[in-house]
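A look at the structure
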Amino acid sequence: MPENLSLFDLAFGDRPDLKLERKHAAPFDGLISGVDEAGRGPWAGPVVTAAVILDYENVPEGLGDSKKLTEEKREELFDKIVTSAHVCAASASPATIDRVNIRSATLSAMVRAINGLPRVPRYVLVDGRDVPPGLKQPGQSLIKGDGRCLCVAAASIVAKVTRDRMMVRLEDHCPGYGFAQHKGYGVPQHQAALQELGPSPHHRMSFKPVRLAAGRPD
């Protein structure tokens, strides 16, 4: 049992369980939303969040932690999720991340994704340790939720695919950094491009490697 589990939290095992999740969703008329993010760690690009309310009578097979799925499988599942579930994505720009910090930007985007769903969820499950402030409904955090809960796994896939597509498009507008390949993460190719080209408007100046590349050590 996770150490932060309270008497009022829904209990989940170590892997997704459709029968258990359907049972949890029943008292809420099935309106449980999973929430996750993609892109907290990269040096460039937005952070993207997604909220998903699954139809528990029509759950795509193979849902799991997006980081453990191939790109091809994520794309396949993304199409199935958006055609069978209620979905909303929201993002925060590098400028917003620099202004309020990555944690606050992420939590705010999560609330916007939840509020943007076509159906109003009655309970929210959030991957990680934080429940975003300002939610209109009760909810709980779920550590490693994308590998334990189907609706959170679905949200992780939507967030990841949405952000990856955004970074591929960003490469067309801001060539030379390799955004389409590394999606803004701090790989050697990205570091070398930063040293040669300096930061772009799409980089997060609040992240130390970017500040150093811009000649701003503090």
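Below is a short write-up of the structure. Every value quoted in this text rests on a predicted model; they were computed, and no experiment measured them. (Residues numbered from 1 in each chain as written. Predicted model: local features only at pLDDT ≥ 70, side-chain atom pairs only at ≥ 80, totals over all residues. Heavy atoms only, no water.)

Quick word on the sheet that holds strand S3 (residues 86-92)
- Reading across from one edge, S3-S2-S1-S4-S5 is the order of the 5 strands in this open sheet, with mixed pairing throughout. Two strands bound the open sheet, and with one partner strand each, they are S3 and strand S5 (139-142). With strand direction ignored, the average angle separating the axes of adjacent strands in the sheet is 20°.
- Here strand S4 (residues 123-127) pairs with S5 via 4 bridges, running parallel. (Pairing = 2+ DSSP bridges. Helix = DSSP H or I, 4+ residues; strand = E, 2+ residues; numbered from the N terminus. Axes fitted to C-alpha atoms, helices over the stretch in contact; angles between N-to-C directions.)

Overview of the nonpolar core
- Within the largest apolar cluster, 32 residues are counted, with the highest numbers of intra-cluster contacts made by Leu-54, Leu-63 and Ile-81.
- Those elements giving two or more residues to this core turn out to be strand S1 (32-38), strand S2 (47-53), helix H2 (71-84), S4 and helix H5 (150-173).
- If you tally residues by element for this core, the top one is H5, at 10 residues.
- Not counting residues up to four positions away in its chain, the partners in contact with Ile-81 are Val-52, Pro-60, Leu-63, Val-87, Ala-154, Ile-157 and Val-158.
- Counting residues in each nonpolar core, the second largest holds 15 residues, with Ala-51, Cys-88, Ala-90 and Leu-135 among its members. (Core = buried A, V, L, I, M, F, W, Y, C linked by side-chain atoms within 4.5 Å. Buried < 20%, exposed > 50% of the residue type's maximum accessible area, 1.4 Å probe, protein only. Contact = heavy atoms within 4.5 Å.)

Considerations on helix H7 (residues 188-197)
- Buried within H7 we find His-190, Ala-193 and Leu-194. Buried residues of H7, seen end-on, are gathered within an arc of 105° and therefore sit on one face of the element. Facing away from the buried side of H7, by more than 90 degrees, are the exposed residues Pro-188, Gln-195 and Glu-196.
- Considering only its buried residues, H7 is in contact with helix H6 (179-182) and helix H8 (208-213).
- Positive backbone phi, approximately 80°, marks Gly-198, located one or two places after H7. (Arc of directions from axis to C-beta.)

Regarding the packing of aromatic side chains
- Overall, the coordinates contain 2 aromatic pairs when judged by the stated rule.
- With 5.3 Å between their ring centres and 10° between their planes, Tyr-177 and Phe-179 make a pair best called stacked.
- Overall, Tyr-177 belongs to the buried group, its relative accessible area being 6%.
- The exposure class assigned to Phe-179 is buried, which follows from its relative accessible area of 0%.
- Positioned above the aromatic ring of Phe-78 is the side chain of Arg-165, whose terminal nitrogen or guanidinium carbon lies 4.4 Å from the ring centre. (Phe/Tyr/Trp six-rings, centres within 6.5 Å; stacked < 30°, edge-to-face > 60°. Lys NZ or Arg CZ within 6 Å of the ring centre and 35° of its normal.)

Some words on the environment of Phe-78
- Note on placement: Phe-78 falls in helix H2.
- By relative accessible area, which is 11% here, Phe-78 ends up buried.

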